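What follows is the residue order along each chain.
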Amino acid sequence: TPTLAAWRLKAFPDEAYRMQVTRAWDAAVAHADANGSTIEPRELQVVIKSGEVRSATVFGIPLGGGFLAVFLDNTDRIRYEAQLREAQAL
């Protein structure tokens, strides 16, 4: 089973971005844990297994003394919205 650290290396291959994402996530976890709340949604760029970069919204839900991270892939929606804006501009 891959560890979170191993997953982060693959999902965020750029070290500076990975560190930024990790710091932000850790701060959000600490804040949510202290307040008994969910982790607010944030947009991330995630590299998937094929090597493609996808846009995702991630948030966290308290679960069993920790948090369940939920990723929603927004790549296609963003692409379709851009196409719609282009079509409307014509």
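See the structure above.
Here's what I pulled together on the structure shown here. (Residues numbered from 1 in each chain as written. Predicted model: local features only at pLDDT ≥ 70, side-chain atom pairs only at ≥ 80, totals over all residues. Heavy atoms only, no water.)

With that out of the way, let us pick up a nonpolar patch on the surface. On the surface, a nonpolar cluster with roughly 290 Å² of combined accessible area is contributed by Leu4, Trp7 and Phe71. Examined against the element boundaries, tryptophan 7 turns out to sit in helix H1 (residues 4-11). What makes tryptophan 7 partly exposed here is its relative accessible area of 35%. (Patch = residues over 30% accessible without salt bridge, like charges linked within 9 Å, V, L, I, M, F, W, Y side chains within 5 Å. Areas by Shrake-Rupley, 256 points an atom, 1.4 Å probe, with all protein chains shown as cover. Salt bridge = Lys/Arg side-chain N within 4 Å of Asp/Glu carboxyl O. Helix = DSSP H or I, 4+ residues; strand = E, 2+ residues; numbered from the N terminus. Buried < 20%, exposed > 50% of the residue type's maximum accessible area, 1.4 Å probe, protein only.)

Moving on, we get to the packing of aromatic side chains. Summed over the entire model, instances satisfying the criterion amount to 3 aromatic pairs. Ring geometry for tryptophan 7 versus phenylalanine 12: centroids 5.6 Å apart, planes at 90 degrees, classification edge-to-face. Take phenylalanine 12: its relative accessible area is 3%, and that puts it in the buried class. Here phenylalanine 12 and tyrosine 17 contribute two aromatic rings whose centre-to-centre distance is 5.9 Å and whose plane-to-plane angle is 70 degrees, an arrangement assigned as edge-to-face. Residue tyrosine 17 is classed as partly exposed on the basis of its relative accessible area, which comes to 22%. Within the aromatic cluster, the residues linked to one another by ring pairs are Trp7, Phe12, Tyr17 and Phe71. (Phe/Tyr/Trp six-rings, centres within 6.5 Å; stacked < 30°, edge-to-face > 60°.)

Attention shifts here to the side chain of threonine 75. Note that threonine 75 resides in helix H3 (residues 75-89). Residue contacts for threonine 75: discarding those within four places in its chain leaves Arg54 and Ser55. (Contact = heavy atoms within 4.5 Å.)

Another aspect to go through is the sheet that holds strand S1 (residues 39-47). One open sheet accounts for 3 strands, arranged S1-S2-S3; its pairing is antiparallel. On the outer flanks of this sheet lie S1 and strand S3 (66-73), each paired with one strand and no other. Here the average twist between neighbouring strands, direction ignored, is 30 degrees. With 8 bridges connecting them, strand S2 (residues 53-63) and S3 associate as antiparallel partners. If you follow phenylalanine 59 over to S3, its bridge partner there is valine 70. Sheet strands touched by helix H2 (residues 15-35): S1, S2 and S3. Its angle to S1, the strand with the most contacts, is close to 160 degrees. Packing against the sheet, H3 makes contact with S2 and S3, and its axis sits at approximately 130 degrees to S2. (Pairing = 2+ DSSP bridges. Axes fitted to C-alpha atoms, helices over the stretch in contact; angles between N-to-C directions.)

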